[in-house]
Amino acid sequence: MGIIFNKPLIGVTMCQIDHHGHLTQSVHNKYLTAIAQAGGVPLALPQQLCAAPQLLEQALAALDGVLLTGSPSNIEPWHYGEAGSEAHADPGRDRLAFAIITWATSRKMPLFGICRGMQELVVANGGALWRDLDQFKRGLPHHPEATQPLNQQYAPAHDVFPEADGLLASLLGGDATLAVNSLHHQGIREPGPQLRIEARAPDGLIEAVSLRHHPFALAVQWHPEWQPEHNDASRALFAGFIHAAQHYHKEKTP
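Residues numbered from 1 in each chain as written. Predicted model: local features only at pLDDT ≥ 70, side-chain atom pairs only at ≥ 80, totals over all residues. Heavy atoms only, no water.

Student: Kindly report on helix H1 (residues 29-38), identifying the contributing residues and their values.
Tutor: Turning to H1, its buried residues number three or more, namely Lys30, Tyr31, Ala34 and Ile35. Buried residues in H1, looked at end-on, bunch into an arc of 135°, giving them a common side. As for H1, its buried residues are in contact with strand E2 (7-13), strand E5 (41-45), strand E6 (65-68), strand E7 (111-114) and helix H7 (232-252). The first or second residue beyond H1 is Gly39, which carries a positive phi of 105°. (Buried < 20%, exposed > 50% of the residue type's maximum accessible area, 1.4 Å probe, protein only. Helix = DSSP H or I, 4+ residues; strand = E, 2+ residues; numbered from the N terminus. Arc of directions from axis to C-beta. Contact = heavy atoms within 4.5 Å.)

So this is what it looks like as structure tokens:
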């Protein structure tokens, strides 16, 4: 199991919101579309998979990779050693993401994290966040005005500088400067010892990381899932992820 007509099965994390009194889990179509366009089969992963260990084990065993999506919610600060509450929390998402990362890391399953997904990969590996980028005080704006049309919010906002010889640079075909969108209020303060920094913004903020000693566990702070058909770099990231998932499937198949 795990692959349909040579297309790898990709689990996609969801977020929980209160929709008119009904707790509802959802994922933006843009993540699912990006996976499908790259040649994968997206499967949404509900937070109920954490209700019992065997549920998550059975679901992940059938998959060839996991996409950790972005979200309007934030990781609860106690996970990275800070006090206080989080107004935009989704504790079920925290539990599911950390359990997925632990499982996938031990089995070398491909992971691709975007925005919150990058922060999850960092926190799960002992890193820490800036809870509000106003604390960073470097001057570069990292989020647009919410009143702007989506095309403006997701337009290129600043450059990032890929690290030479990293996974990101290899997927992009070099370490040339890359223009990216930017829609986040939090950022990486400390990546943790298990992660390699893959790219930074001009103000020094970490914009991409990868997990050391793992064939493909990459995470970026920007949103390559936004209209990747119009962006060569975004297509390259998803193509690399799907290729890694295909290789993982071949390796795990007896």
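Student: Any chance you could break down the packing of helix H2 (residues 53-61) against helix H3 (residues 91-107) for me, citing the residues and the numbers?
Tutor: For the pair H2 and H3, the least separation of the axes is 11 Å and the interaxial angle reads 55°. The angle between H2 and H3 places the two elements in the oblique class. Every pair of crossing elements has a handedness; the one defined by H2 and H3 is right-handed. In contact with Leu56, Glu57, Leu60 and Ala61 of H2, H3 contributes Leu96, Ala99, Ile100, Trp103 and Arg107. A breakdown of the residues in the contact of H2 with H3 according to their chemical character gives 7 nonpolar, no polar and 2 charged. (Axes fitted to C-alpha atoms, helices over the stretch in contact; angles between N-to-C directions. Parallel < 35°, antiparallel > 145°, perpendicular 65-115°, else oblique. Left-handed = near helix turned anticlockwise from the far one by under 90°. Nonpolar A, V, L, I, M, F, W, Y, C, P; charged D, E, K, R; others polar.)

Student: Please provide a residue-by-residue account of helix H4 (residues 116-124), values included.
Tutor: The α-helix winds at 3.6 residues per turn, so residues separated by three or four positions along the chain end up facing the same way. Burial within H4 is extensive, with 8 of its 9 residues counted as buried. Within H4 the residues assigned to the buried category are Arg116, Gly117, Met118, Gln119, Glu120, Leu121, Val122 and Val123.

Student: Summarise unusual backbone geometry; cite the residues concerned and give the values.
Tutor: One non-glycine residue, His20, adopts positive backbone phi at about 55°. Relative to the assigned elements, His20 resides in the loop between strand E3 (15-19) and strand E4 (22-26). The phi dihedral of Cys115 is positive, around 55°, even though this residue is not glycine. Looking at where Cys115 falls in the secondary structure, it is placed in the loop between E7 and H4. For Cys115, a relative accessible area of 6% corresponds to the buried category.

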